[in-house]
Amino acid sequence: MPTNLKKYFVLYFISFLPFFVDAQTPILERPISIKVSDEKIAEVLELIAKQGNFSFSYNSEIIDINSRIDLLVVNKPVREVLNRIFKGTISFKTRNQYIILQKNEQPSVAKSFVMTGYVLDKLTDKPLGKVSIYDRRSLVSAISNQYGFYRIKLSASQLPIRLTVSRPDYEQQSILIKLPQDFYQDIELIPLKKDNNFVAPIEDNSIEHKDSLSNIRIPLEILPINTPKVPEFPDITDESIFPTSPLFDSTLYESRWDKFKKRLGRVFVSRSQRINAQNVNDSLSRDFQLSVLPFLGTNRLLSGSITNKYSVNVLMGYSGGVSKLEIGGLLNGVRR
């Protein structure tokens, strides 16, 4: 390929790279930076759509497009920017390269409501994925995705609800909810401080220090020489005399068993359950659990962190621990 043609090809690829990146990132997660003052909402939406490389679809009757707003956001996802603009009055969904805006109508008597938002590192403002958000009482839980976004559906009959937010290496946080209405809330987690108490030794290379060391005499000790005794009869524990078959080697058997358990766990234990088991350190307990499969039971997606007194599993079960009795049709999985 000629050199000039190669240069044109590279320039062509670079020019289309931003569009390729945008296509890989979901519309609502594309970062937006906007600074406007006393600007019409219609103009702001146009700026957002242009910067995010997508289009809006909405009925002008449900949105006052002539109302003016002030807005300052830097590298925030489109979802968060829209929530700041409409403050929960407008819902949105995506279809192809469109965001469809709709009026968010709350029922007069809500049986359930939804809490959404992003989980962020408080020091760096970076989104945190694989964070567990759960209710200890109802065992309802959610996990933030790779962009830090979470969505958890809660029952109004359980109010007031205290949610726990947990992830290793971060301080656990709790959120109290009193009203049965959909709302948006970002959660900031504080990283745990790591102990750095190690003090490196100071090397003393001074002449005085070297002279003091040269005057120290280390006495020589004569160490006794122990001559090994030859046993009259061969030691039956010596594998060189009675080699153990690899088939029955206990260490090999354990490693194969561990591999088998990991493979089985990845098939039958859901990814959310495995993440929650790592994140949740609370001592959750229930008297009884009933499950058909590890991901289908009364312990829900927190099963790997719950200790039950009694556990009945139709086919397979999975729990943090069982203190009294467990009955299973095929296989029982217990973390602890």
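These remarks concern the structure in this document.

What counts, and at which threshold
- Residues numbered from 1 in each chain as written.
- Predicted model: local features only at pLDDT ≥ 70, side-chain atom pairs only at ≥ 80, totals over all residues.
- Heavy atoms only, no water.
- Helix = DSSP H or I, 4+ residues; strand = E, 2+ residues; numbered from the N terminus.
- Buried < 20%, exposed > 50% of the residue type's maximum accessible area, 1.4 Å probe, protein only.
- Contact = heavy atoms within 4.5 Å.
- Areas by Shrake-Rupley, 256 points an atom, 1.4 Å probe, with all protein chains shown as cover.
- Core = buried A, V, L, I, M, F, W, Y, C linked by side-chain atoms within 4.5 Å.
- Pairing = 2+ DSSP bridges.

## Considering the overall build of the chain
A count of helical and extended segments in the chain gives six helices and 19 strands. Relative to its 336 residues, the chain shows a buried fraction of 31%. Looking at the chain alone, contacts between residues at least 24 apart form 53% of all its contacts between residues at least 6 apart. By element, 56% of the accessible surface of the chain is carried by carbon and sulfur atoms, the whole surface being about 23,700 Å².

## A short note on the nonpolar core
In this structure, Ile48, Phe56, Leu82, Ile85, Phe86, Ile99 and Leu101 are the most contacted members of the largest nonpolar core, which totals 25 residues. Put simply, the parts of the chain that give this core at least two residues each are β1 (31-40), α2 (41-52), β3 (68-77), α3 (78-86), β4 (90-95) and β5 (98-103). Once residues lying within four places of it in the same chain are set aside, the contact partners of Phe86 are Ile41, Leu45, Ile63 and Leu101. Counting 19 residues, the second largest nonpolar core, distinct from the first, contains Val119, Ile133, Tyr150 and Leu154.

## A short note on the environment of Met115
The topology assignment puts Met115 in strand β6 (residues 112-121). Along the backbone, Met115 and Gln185 are 70 residues apart, and their C-alpha atoms lie at a distance of 7.2 Å. Not counting the four nearest positions on each side in its chain, Met115 is found in contact with Tyr150, Arg151, Ile152, Leu163, Ile175, Ile177, Phe183, Gln185 and Ile187.

## Brief notes about the pairing of strand β7 (residues 132-135)
Walk down a regular strand and you will see the side chains alternate between the two sheet faces. Burial of β7 is two-sided: the residues Ser132 and Tyr134 facing one way and the residues Ile133 and Asp135 facing the other way are all buried. Looking at chain direction, β7 and strand β10 (residues 161-166) are connected through four bridges and run antiparallel. By the bridge assignment for β10, Asp135 is matched with Leu163. Pairing geometry for β7 and strand β8 (residues 141-143), over three bridges, is antiparallel. Within β8, the residue paired with Ser132 across the bridge is Ile143. Counting the residues between successive antiparallel strands, the hairpin from β7 to β8 contains five residues, one of them, Leu139, with a positive phi of roughly 65°.

## Focus: α3
Taken across its nine residues, α3 has eight buried, putting it largely inside the fold. The complete set of buried residues in α3 reads Val78, Arg79, Glu80, Val81, Leu82, Asn83, Ile85 and Phe86. Taken from the residues just after α3, Lys87 is the one with a positive phi, measuring 55°.

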